[in-house]
Amino acid sequence: MNYYIDFDNTLYETSSLTKLMLEAIVNTISKRVNVNLEELTLEVKNNFNSTNDNIFIYGTKISKKYNVDENEVLESIENIIQNGEKFVFEDAKRFLEKLKQKGHKIILLTSMPKVNQEYQMKKIIGSGLAKYFDNIIMTTEYKFKLDINYKNGIFIDDDPIYINGLYENNPIKVIRIRKPNNKRSKIDLENKNIEEYENFDDINIA
């Protein structure tokens with residue numbers, strides 16, 4: 001069976017990564033210049049769009065504003081990403097291991113803005129999950145408009161937009177992961193034919 005699985009907020013707690021990367025920027029800058037820590041924290045946090053912005057470009061921009069060596073800031077960000085195994089959901093890792101044991105094909109299907117392709121790959125490598133995937137598909141297009149055999153796959157995602165779009169392609173099954181701290185989990189699906197789970201351990205693997 002072919003399992004197409006999303007990365008961000010499905011296998012990997014991206015919101016926690018973002019929080020620590022922004023904290024790293026703040027801490028690095030505050031060590032080099034005399035600034036109001038609270039004001040700097042608010043500025044760094046409020047001006048970053050986690051969906052569209054590239055964290056490295058953003059780090060460089062903030063570094064230049066405060067006349068801090070950008071290499072120090074970028075290194076602090078890189079260190080957080082490289083040690084990304086702690087952001088992997090433990091139940092997700094167990095699920096991938098079970099799929100491997102049963103001989104299923106696992107394809108990572110992840111989307112991102114064009115400016116974030118290198119960043120996305122760094123996250124995947126830092127997560128330690130790359131060893132589980134038979135293939136990695138990184139796309140800047142909608143996941144339901146790609147040249148893949150949807151009817152021969154099971155798709156797992158967290159985003160209602162992709163969930164609904166994938167369902168229209170008549171796959172074997174679409175499964176929604178609905179983690180409690182994910183902002184998208186607050187959105188209810190109208191389609192009740194789509195299975196929803198908080199925990200990968202509750203998913204039945206054939």
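This text goes with the structure placed above it.
Residues numbered from 1 in each chain as written. Predicted model: local features only at pLDDT ≥ 70, side-chain atom pairs only at ≥ 80, totals over all residues. Heavy atoms only, no water.

Visitor: Help me get a handle on the pairing of strand E2 (residues 105–111), residues and values and all.
Guide: Where burial is concerned, most of E2 is hidden: 6 out of the 7 residues are buried. One ladder, built from 4 bridges, connects strand E1 (residues 2–5) with E2; its direction is parallel. Bridging from a neighbouring strand, Tyr3 pairs with Ile106 of E2. Note: E2 against strand E3 (residues 135–139), 5 bridges, orientation parallel. Within the sheet, the bridge partner assigned to Ile107 lies in E3 and is Asn135. Tracing the backbone out of E2, into helix H6 (residues 117–127) and back to the parallel element E3 gives a crossover that is right-handed. (Buried < 20%, exposed > 50% of the residue type's maximum accessible area, 1.4 Å probe, protein only. Helix = DSSP H or I, 4+ residues; strand = E, 2+ residues; numbered from the N terminus. Pairing = 2+ DSSP bridges. Right-handed = clockwise from strand over helix to strand, strands pointing away.)

Visitor: How would you explain helix H4 (residues 70–82) if you had to name every residue and give the values?
Guide: Taking 1.5 Å as the rise per residue, H4 with 13 residues should run 18 Å; its terminal C-alpha atoms sit 18 Å apart, in good agreement. For H4, the full list of buried residues reads Val73, Leu74, Ser76, Ile77, Ile80 and Ile81. Taken around the axis of H4, the buried residues stretch over an arc of 155°, which confines them to a single face. In this structure, H4 carries Asn71, Glu75 and Gln82 as exposed residues pointing more than 90 degrees from its buried face. Packed against the buried residues of H4 are helix H1 (14–32), helix H3 (55–65) and H6. One side-chain oxygen at the N-terminal end of H4 lies 3.0 Å from the backbone nitrogen of Asn71; it belongs to Asp69. (Expected span 1.5 Å × (residues − 1). Arc of directions from axis to C-beta. Contact = heavy atoms within 4.5 Å. Polar contact = N/O pair within 3.5 Å; in protein donor to acceptor, adjacent residues only side chain to side chain.)

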